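Observations on chain architecture
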Amino acid sequence: MFKGTVLVVDDDEFFRAVCTDILKSWDYYVLTASSGQEALGIIEKNISIDLIVTDLVMPGMDGLELIEKTKHHNALIDAIVITGQGTIETAVAALKAGAFDYINKPINGDELLLSVDRCMEKRRLLQENAEMRRSLQLFEVTRAVTAVLDINRLYGIALDALQQIIPTDAGIAAFYENNMKDLDIKALRHISMNEGAAIVEAFKQDFEKGLLVAKGISLLPVSAAMSGPLKGFGSIAVSPVLKSGAVAGFLLLLSRRDADALSAGEMKNAEFVSGHISQAFENALKYVEAKEMAFVDSLTNLYNGKYLDSVLEKELKRADRMMRPVTILFMDLDNFKRINDTNDHLVGSKVLIEVARVLMQNVRDVDTLVRYGGDEYVAILIDADYSNAMMVAERIRRSVEEQVFLKDEGRDIRITISIGVASYPAHSQDKKELLKTADKAMYS
């Protein structure tokens, strides 16, 4: 008697064979994959998979990532994790990711069958109780969305979530840029970028204006008179994504069915998920802002010393890929203590702020400015060799020397700056040594 379909995922061929034999002996239909990526391809093509049994540690996509992406595709597919490197922490992580159970290697056939049978029994009960099944699906879908803090990943995950609730043929996530005029495509499903761009343009012409004040999902009919990119579609479900109560973008779900094909229940569930999506975007934006604030100097609004290490490593890797130089300017205000002693620390702080402004006027937008600490600053000049950086350094030195600080307050404060220059890879190929070289050059 057929009991269900199980997908076994492991990079170990022997383990896949053992699991397959155990499960087939108990009347399960078994598919296998040697990697997370292969498994995801099978899952996206096969709507009848009930359960994945996956190793936790695999090359490339690991078991936790596979479960997460599976849930984004179909929240009702269950998962059992099997690993030979299990700890309490990994077990908790697997269960938080949505796994039904967690089994340690070496595998015991009876234990595996018991876990799979229990999982399938739960699925059978859900199949018999449609309302409970819908509730579980909503829970799993919203959990998958609200767990994401990476806003770049959230665009596609939000589309996947709504497409599990509303049966559609294509999806587009389009969000406003800073000017709140242009809708920029952030994610696509089952449609090309060119087609998506044409549909977004048609959406702007026919529907956008009336939906800027919408708070819930709108189901729009596509009339037969509409040609071009919307031809062939019968309806568009539009879910506005709100930020602080205002529309930040839209999730467009295109269907070849007519607008009246969606039931009231589907629309109600979609509204529920849509609300969680807006909350997820609010959380992701707050996370981005908090993360940025952790790397920003509160006085000057330049980046702080904690940010320097990570950005310098990133830029050196980029320099290697592009075979381009990177140059560090290490800067220190001369005799800055005299300003604090002559005036007070509040005046000194204001001078540091104005120095930051002078520095920003003398570097490009692609360069990075850091307040390293106290009266020290660091500039990372992208694609600038030693000779070019020396010209920038001289321009900064002269600008600081010629500046009258706190002139608007009736003060006449003058200061000079010392600058050390070191280039990658000419002077050093090590990140820490490069900073030390620039620092030493500044003192000399």
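Look up: the structure comes first, before these words.
Description of the structure in this document. Keep in mind that what you see is a predicted model, and the values were worked out from it rather than measured.

**Digging into the environment of Ser423**
Among the structural elements, Ser423 can be located in strand E15 (residues 417–424). The spatial distance from the C-alpha of Ser423 to the C-alpha of Gly249 is 43 Å, given a sequence separation of 174 residues. Not counting chain neighbours up to four residues away, the residues in contact with Ser423 comprise Val326, Thr327, Asp385, Tyr386, Ser428 and Leu434.

**Brief notes about the sheet that holds strand E1 (residues 5–9)**
Taken together, the 5 strands give an open sheet; going across it, the order is E2-E1-E3-E4-E5, and neighbouring strands pair in parallel fashion. Whereas interior strands pair on both sides, the edge strands pair on one side only; in this sheet they are strand E2 (29–33) and strand E5 (101–104). Strand after strand, the sheet turns through a mean of 20 degrees between neighbouring axes, direction not considered. In this structure, E1 lies alongside E2, joined through 5 bridges in parallel fashion. For Val9, the partnering residue across the bridge sits in E2 and is Ala33. Set on the sheet, helix H1 (residues 13–24) makes contact with E1, E2 and strand E4 (78–83); between it and E2 the angle comes to about 170 degrees. Taken strand by strand, helix H2 (residues 36–45) contacts E1, E2 and strand E3 (51–55), and its axis lies near 135 degrees from that of E2.

**Quick look at the pairing of strand E14 (residues 376–382)**
Counting buried positions along E14 yields 7 of 7 residues, so the element is predominantly enclosed. Residue alternation in E14 divides its side chains into two sets, Glu376, Val378, Ile380 and Ile382 and Tyr377, Ala379 and Leu381, and both sets are buried. Sheet topology note: the strand E12 (residues 326–333)/E14 ladder contains 7 bridges and is antiparallel. Within the sheet, the bridge partner assigned to Thr327 lies in E14 and is Leu381. With 5 bridges joining them, strand E13 (residues 368–373) and E14 adopt antiparallel strand pairing. Its bridge partner being in E14, Arg371 is matched across the sheet by Tyr377.

Basis of the calculations
Residues numbered from 1 in each chain as written. Predicted model: local features only at pLDDT ≥ 70, side-chain atom pairs only at ≥ 80, totals over all residues. Heavy atoms only, no water. Helix = DSSP H or I, 4+ residues; strand = E, 2+ residues; numbered from the N terminus. Contact = heavy atoms within 4.5 Å. Pairing = 2+ DSSP bridges. Axes fitted to C-alpha atoms, helices over the stretch in contact; angles between N-to-C directions. Buried < 20%, exposed > 50% of the residue type's maximum accessible area, 1.4 Å probe, protein only.

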